[in-house]
Amino acid sequence: MNNKSTKHTKVLILGSGPAGYTAAIYAARAMLKPVLVHGSQPGGQLTTTTDVENYPGFSKVIQGPWLMEEMKGQAEAVGTEMIQDHINKVDLSVKPFKVAGDSGQIYTADSIIISTGAQARWLNLKSEKNFRGFGVSACATCDGFFFKDKEVAVVGGGNAAVEEAMFLTKFASKVKLIHRRNELRAEKMLQQKLKSNKKIEIIWDSVVDEVIGTNDPKSVKGIKIKSTKNNTTKELKVDGLFIAIGHDPATSLFKDQLKMDKEGYLITKPDSTETNIPGVFAAGDVKDKIYRQAVTAAGMGCMSALEAEKYLSNSK
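Below you will find a few notes about this structure. Just so you know, the residues in each chain are numbered from 1, in the order the chain's sequence is written. The predicted origin of the model limits local features to residues at a pLDDT of at least 70 and limits the giving and counting of side-chain atom pairs to 80 or more, whereas totals for whole chains, interfaces and linings rest on all residues. Side-chain figures throughout are based on the complete set of non-hydrogen atoms in the structure, without hydrogens or water.

1. Let's talk about the packing of aromatic side chains
Thought 1: Here the aromatic set is Phe, Tyr and Trp, taking the six-membered ring for Trp, and pairing holds for ring centres within 6.5 Å; pairs whose planes are under 30 degrees apart are stacked, those over 60 apart are edge-to-face, and all others are tilted. The final tally for this structure, using the stated rule, is seven aromatic pairs.
Thought 2: Note on Phe147 and Phe242: the rings are 5.5 Å apart at their centroids and 75 degrees apart in plane angle, and the pair reads as edge-to-face. Taken together, the residues Phe147 in the loop between α4 (140–143) and β11 (151–155) and Phe242 in strand β17 (residues 240–243) connect sequence positions 95 residues apart.
Thought 3: Residue exposure (1.4 Å probe, protein chains only): buried if accessible area is under 20% of the type maximum, exposed if over 50%, otherwise partly exposed. For Phe242, a relative accessible area of 0% gives the class buried.
Thought 4: Directly above the aromatic system of Trp122 lies the positively charged group of Arg132, at a separation of 3.9 Å from the ring centroid. Comment: elements are numbered from the N terminus, with helices defined as DSSP H or I runs of at least four residues and strands as E runs of at least two. In this analysis the charged atom, NZ for Lys or CZ for Arg, is taken to sit over a ring once it is within 6 Å of the ring centre and within 35 degrees of the ring normal.

Okay, structure coming up:
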């Protein structure tokens, strides 16, 4: 292999959401000259979020893509090198760590910060895609506020779905929880809370078949649900639909190398972003399935850069 196609860095950051960009800002300010590799759509999940009202520091509504552009610009301004490439192979058993991109570029790094994020699972209905961001959401904490005194539906049966449904009762007048089976997977205590909440109605053995709404202006008016028992359909009048059927962390590259839980989230040490391999850190939604907020991802990005700096200075 000729040296031309190998690029070495002290800190290699994989992924470009709030975690990756914040890690880059801190690593660059520590004079570590980080290299951040991002895919064809930099900015992560926030680039699909239009109105952001809960990121601290902005009293007026800001746009998700704009916030990511600003973070990217800030990271570049302090000395981060940004490279667009798709990483297809990672070897964490060698020092320096070795990473390969589709471009043919080989990257070697003394430390790696993984901030490849996660993606909400969707139902993959055409109508759902059409109304995404206009009444169809995968985040109650982000969008629940917009449904004050309205009726909404939540799809799912695990802890996340139950928690989303409970959270939405703070705003919505009625929450319908739609589950394809006749019992929930959620923890028993959560189920008890859910069932004792007067605002929540559970619709068993059903799946969402179609989202119904208007296109001008774009808004959800209802959903068509189908029985999993006899395939009969009926329409429900709702103003919003929340999908809570899980997230998929982007961790397939690290299988059999890094410790992860059964859902594929990377496991880090308590109060740390350190994985089971020293010098490899994980920040943001790739390891966090509890909070999943831009601000917590950014916080972890900061932690990972500080921990990488400490690791590098100790391993000289």
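2. With respect to the pattern of salt bridges
Thought 1: The working definition used for a salt bridge is a side-chain nitrogen of Lys or Arg within 4 Å of a carboxyl oxygen of Asp or Glu. In total, this model carries nine salt bridges according to the counting rule given.
Thought 2: One salt bridge in this structure joins Lys176 and Glu151, with 3.2 Å as the shortest N-O distance. A residue pair is termed long-range when its members are at least 10 positions apart, and Lys176 in strand β12 (residues 174–178) and Glu151 in strand β11 qualify at 25 residues.
Thought 3: In this structure Glu151 comes out as partly exposed when scored by relative accessible area, which is 30%.
Thought 4: Close ionic contact of Glu274 with Lys269 constitutes a salt bridge, the shortest N to O distance being 2.9 Å.
Thought 5: Under the relative-accessibility criterion, Glu274 is labelled partly exposed at 22%.

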